[in-house]
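Letter by letter, the chains look like this.
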Amino acid sequence: METLELPAPPKVGMVSLGCPKALVDSERILTKLRSDGYRMSPDYEGADVVLVNTCGFLDSAKEESLSAIGEAIAENGRVIVTGCLGKEAEMIRARFPEVLAITGAAQYEEVVGAVHVAAPIPPSAYLNLVPDAGLKLTPRHYSYLKISEGCNHRCAFCIIPSMRGDLVSRRPDAILREAEKLVAAGTKELLVISQDTSAYGVDLRHASWPWKGGEVRAHMTDLARELGKLGAWVRLHYVYPYPHVDRVVPLMAEGLVLPYLDIPFQHASPKVLKAMKRPANEAKVLERIRSWRAVCPDIAIRSTFIVGFPGETEEDFEYLLDWLEEAQLDRVGAFRFEPVSGAAANDLPGIVPEEVKEERYARFMEKTAAISAAKLAAKIGRTLDVIIDAVDPEGGATGRSKADAPEIDGEVHLRDAGHLAMGDIVPVRIEDADEHDLYGVPVGP
């Protein structure tokens, strides 16, 4: 019998930069390419073509993306550029004329088409090796779930709408089908992401679609409730404090959704918030935080802030520190203001000197570290559910509590945990804490 020789399908390499939303884009691109018969290459040398998914949010991110493009060209030579920086195709072409193709963010069909042109699939490649959940760049036990693209806000420091456009929400039934496949494939934690999760469905006029013998509305509350029925942890990111967020907190108290809200407050000073073109009702926000904690005492609130925004005075910064003391947020990150090409903030008066920016950033981090240390110390002696991210050969393990998102929040470090496996969710008695992390031991069998 004659043996059929199948030609080897082309291999694609991927360099994925930027935020979790870009990571989801990379996963979707790879999933489609794999279903088309392509193989993946872990290095430049083995790739027939290399995709670079870029970030263009900050000038420093642009430089990182350009450096990654240059490295891919030097190491491989056959490069396709996609992602947010694709909006600046002329600049990329001027710097790297040898780039094969350039596409923008979330332009999946264009990227896949460019790969087919650059490295065509042999007609006899019989390959269909894609799992139902698609190809993932995250560990098996957690997955990012993107529910929309774009944003309707026009914040002075941000150029996301100019890169990704206005809000475009996915149908809720499509989101839920994807989530079901992810959970069936082993996902224990769904991280809901978008540019503005609270605005989900606005562009769809919150219409309803058939689901499981009933209907599901394109609305954050309804979607969160349905996701909570799938049996996985559900974590909400990029939430703006619209009034209907108050209706999500009871779902957290019921255990359907993790008691965790990621809300990018950005500042507290009314004057700075106005300059940022952000909502400036900081007193009302404090009242709502208190009401959320009354409904769900274990709720963890994380946020990010910008230090040194144009026009920020010492008085504004002191106001922010006082607000943080009162708000007692659980997880906080900060960015020093950085001009972004095309952002309205670049034209504002009152540029804050770099040395002042650094000094304020240090004071900000000192304040938030003290708050975090106190809040974590209060958890000593409690037993918390922890999802395991890694187990080491010495019998230790690293995981996260319900208050900790991967990569951006703290961790729980475990002793006597050699019997655990990645993705396990186990009760852990907390024995110690520092400014960012908890330390404990698994309890029970």
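Residues numbered from 1 in each chain as written. Predicted model: local features only at pLDDT ≥ 70, side-chain atom pairs only at ≥ 80, totals over all residues. Heavy atoms only, no water.

Trainee: Would you mind going over the overall build of the protein with me for this structure?
Mentor: Within the protein one finds twelve helices and 20 strands. Here the C-alpha radius of gyration of the protein, 23 Å, is about what a compact globule of 445 residues would show, namely 22 Å. The principal-axis extent of the C-alpha atoms belonging to the protein is close to 75 × 60 × 50 Å. Out of the 445 residues in the protein, the part that is buried amounts to 53%. (Helix = DSSP H or I, 4+ residues; strand = E, 2+ residues; numbered from the N terminus. Rg over C-alpha atoms; globule rule 2.2 N^0.38 Å. Buried < 20%, exposed > 50% of the residue type's maximum accessible area, 1.4 Å probe, protein only.)

Trainee: Explanation requested: the state of the cysteines in the structure shown.
Mentor: Linking two cysteines covalently through their sulfur atoms gives a disulfide. Within this structure, the stated rule accounts for zero disulfides. In this structure C19 is not part of a disulfide, and its nearest cysteine sulfur, from C55, lies 6.3 Å away. Not part of a disulfide, C84 finds its nearest cysteine sulfur in C55, a span of 6.0 Å. (Disulfide = S-S within 2.5 Å.)

Trainee: What am I meant to see in the layout of surface pockets here?
Mentor: Picture a little ball the size of a water molecule; that probe, rolled over the atoms, points out where space is still empty. Taken as a whole, the largest pocket holds about 1,200 Å³ of empty space. Taken together, 45 residues line the largest pocket, and the ones lying closest to its centre are C19, K21, F57, Y238 and F335. Residue assignment for the lining of the largest pocket shows that the elements contributing at least two residues are α1 (20-35), α2 (59-75), α5 (160-164), β9 (189-193), β14 (300-307) and β15 (331-336). Across the lining of the largest pocket, the residue classes tally to 27 nonpolar, ten polar and eight charged. In this structure, the second largest pocket encloses a volume near 560 Å³. In terms of lining, the second largest pocket is formed by 27 residues, of which the most central are P259, D298, R382, L384 and K402. Breaking the lining of the second largest pocket down by element, the ones donating at least two residues are β12 (233-236) and β16 (383-391). Within the lining of the second largest pocket, the residues separate by chemical class into 15 nonpolar, four polar and eight charged. (1 Å grid on protein atoms, 1.4 Å probe; cavity = no way out; pocket = protein on both sides within 12 Å on 5 of 7 lines; lining within 4 Å. Points joined across faces, edges and corners; volume = space filled by probe spheres on them. Nonpolar A, V, L, I, M, F, W, Y, C, P; charged D, E, K, R; others polar.)

Trainee: In this structure, what is going on with the sheet that holds strand β18 (residues 412-414)? I would like to understand it.
Mentor: The strands making up a sheet associate through hydrogen bonds between their backbones, and the pairing can be parallel or antiparallel. One closed barrel accounts for five strands, arranged β16-β17-β18-β20-β19; its pairing is mixed. Neighbour-to-neighbour, the strand axes of the sheet open up by a mean angle of 50 degrees, direction not taken into account. Sheet topology note: the β16/strand β17 (residues 397-401) ladder contains five bridges and is antiparallel. By the bridge assignment, A390 is partnered in β17 with T398. (Pairing = 2+ DSSP bridges. Axes fitted to C-alpha atoms, helices over the stretch in contact; angles between N-to-C directions.)

Trainee: It is not clear to me how the sheet that holds strand β2 (residues 39-40) should be interpreted in this structure. Could you clarify?
Mentor: Taken together, the five strands give an open sheet; going across it, the order is β2-β1-β3-β4-β5, and neighbouring strands pair in parallel fashion. Since the sheet does not close on itself, it has two edges, and those belong to β2 and β5 (101-102), each with one partner. Relative to β2, strand β1 (residues 11-16) runs parallel, the two being bridged by two bridges. Of the residues in β2, the one forming a bridge with V12 is M40. Helix-sheet contacts for α2 involve β1, β3 (49-54) and β4 (79-83), and the interaxial angle to β3 is about 175 degrees. (Contact = heavy atoms within 4.5 Å.)

Trainee: What am I meant to see in the pattern of salt bridges here?
Mentor: Side chains that differ in sign of charge can pair as their charged atoms come close. Throughout the structure, instances matching the rule amount to 33 salt bridges. Between E178 and R170 there is a salt bridge whose closest N-O contact spans 2.7 Å. Its relative accessible area of 22% is what places E178 among the partly exposed residues. Residue D222 pairs with R217 through a salt bridge whose shortest N-O separation is 2.9 Å. Connected through salt bridges with shared partners, the residues E312, E314, E318, E359, R360 and R363 form a single ionic network. (Salt bridge = Lys/Arg side-chain N within 4 Å of Asp/Glu carboxyl O.)

Trainee: Explain the packing of aromatic side chains here, please?
Mentor: Ring pairs (aromatic) are described by centroid distance and by the angle formed between their planes. Evaluation of the coordinates by the stated rule reveals seven aromatic pairs. A centroid spacing of 5.4 Å and a plane angle of 70 degrees characterise the contact between F265 and W323, whose relative ring orientation is edge-to-face. With a gap of 58 residues between them, F265 in the loop between β13 (260-262) and α9 (270-276) and W323 in helix α11 (residues 314-327) connect regions that are remote in the sequence. Each member of the pair, F265 as well as W323, is classed as buried. Centre to centre, the rings of F305 and F364 are 5.6 Å apart; their planes meet at 55 degrees, and the pair counts as tilted. Pair noted here: F305 is in strand β14 and F364 is in helix α12 (residues 354-377), with a separation of 59 residues, a long-range link. The burial state of F305 is the same as that of F364; both residues are buried. One aromatic cluster is present, built from ring pairs that chain together F265, F305, W323 and F364. Across the ring face of Y260, the terminal group of R235 is positioned such that the distance to the ring centre comes to 4.5 Å. (Phe/Tyr/Trp six-rings, centres within 6.5 Å; stacked < 30°, edge-to-face > 60°. Lys NZ or Arg CZ within 6 Å of the ring centre and 35° of its normal.)

Trainee: Just checking my understanding: could you explain the packing of α1 against helix α4 (residues 108-118) for this structure?
Mentor: For any two helices packed against each other, the geometry comes down to the angle between their axes and how far apart the axes lie. Relative to each other, α1 and α4 sit at 45 degrees, their axes nearing to 10 Å. By the angle between their directions, the pair α1 and α4 is classed as oblique. Crossing handedness for the pair α1 and α4: right-handed. Residue-level inspection shows D25, R28, I29, K32 and L33 of α1 in contact with α4, the latter providing Y108, V111, V112 and V115. Looking at the contact of α1 with α4 residue by residue, the class counts come to six nonpolar, no polar and three charged. (Parallel < 35°, antiparallel > 145°, perpendicular 65-115°, else oblique. Left-handed = near helix turned anticlockwise from the far one by under 90°.)

Trainee: Can you walk me through empty space enclosed by the protein in this structure?
Mentor: Evaluation of the coordinates by the stated rule reveals one cavity of 30 Å³ or more. Within this model, the largest cavity holds a volume of roughly 40 Å³. Lining the largest cavity, in full, are D330, R331, K375, L376, K379 and A403.

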